[in-house]
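The lines below spell out each chain.
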Amino acid sequence: SRPSPLTLLSSAAVCCTALANRRSNATAVSGGAGGLGRLLTDYLLHYYPNCSVAVASRSAKETEDPRRKCYACDVCDEDDVKRVCDSIDDLVGVIHCAGVTYGGPFAAPNENDSKLLFDIKYWGTRYLYKATQDRSLRFFWLASSISAAVGDCVEIKILRRVLNRRVVLHAI
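This report concerns the structure included in the present document. (Residues numbered from 1 in each chain as written. Predicted model: local features only at pLDDT ≥ 70, side-chain atom pairs only at ≥ 80, totals over all residues. Heavy atoms only, no water.)

## Observations concerning the side chain of Arg-68
By the element assignment, Arg-68 lies in strand S3 (residues 68–72). In terms of polar contacts, Arg-68 uses its side chain to reach the side chain of Asp-42, at 2.9 Å. For Arg-68, the contacting residues outside a window of four places in its chain are Thr-41, Asp-42, Leu-45, Val-53, Val-55 and Thr-63. (Helix = DSSP H or I, 4+ residues; strand = E, 2+ residues; numbered from the N terminus. Polar contact = N/O pair within 3.5 Å; in protein donor to acceptor, adjacent residues only side chain to side chain. Contact = heavy atoms within 4.5 Å.)

## What about the state of the cysteines?
Working definition: the covalent bond between the sulfur atoms of two cysteines is a disulfide. Summed over all chains, the structure comprises 0 disulfides. No disulfide involves Cys-73; its sulfur sits 7.5 Å from the nearest other cysteine sulfur, which is in Cys-85. Look at Cys-73 and you get buried, because its relative accessible area is 5%. (Disulfide = S-S within 2.5 Å. Buried < 20%, exposed > 50% of the residue type's maximum accessible area, 1.4 Å probe, protein only.)

## Side note on the nonpolar core
Within the largest apolar cluster, 20 residues are counted, with the highest numbers of intra-cluster contacts made by Val-81, Val-84, Ile-88 and Leu-128. At the level of secondary structure, the elements contributing two or more residues to this core comprise strand S1 (25–30), strand S2 (51–57), helix H4 (78–86), strand S4 (91–96) and helix H5 (111–132). Per-element tally for this core: the top contributor is H5, with 4 residues. (Core = buried A, V, L, I, M, F, W, Y, C linked by side-chain atoms within 4.5 Å.)

## Quick word on the environment of Val-75
By the secondary structure assignment, Val-75 is in the loop between S3 and H4. Classification of Val-75 by relative accessible area gives buried; the value is 6%. Considering only alpha carbons, one finds Val-75 and His-96, 21 residues apart in sequence, at a separation of 9.2 Å. The residues contacting Val-75, other than those within four sequence positions of it, are Ser-30, Val-81, His-96, Ala-98, Ile-120, Trp-123, Gly-124 and Tyr-127.

As far as function goes, none of this settles anything; it's purely spatial.
Here it is, written out as structure tokens:
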């Protein structure tokens, strides 16, 4: 069974307890301008007053909120990811929600759609890790519908190999 949005938010909140007792900290949210990324961004800003969010998205738009900084970023472009991560001094966590939607969960995509989604998740994860590997991150949270096609265990094994650290994964 699929987790509800509340379950996903609760899981992200567990990761974000790292934010509660810190004076100043930032979380990078890839895909933070839409879908689950936007929900998580709003959640963090509402419940963690010391937190700021760096929204990294191909469709990021400027905002008046000083705690929400928007960056135009394609997570499949290593230079884009490095530029964004390098510009965040107090980065404590990454939430990787970037992806593409086809009108719902990962249902009957064609081969090209599947490759694009896998590229976004795999290369995005790899580049986010590479750009933050020397940081003392408190969490790295990944949400992906790709596990609906390849299975949670397969994806977690791939990502653990890429990241060489614990991975929190939720299929959506």
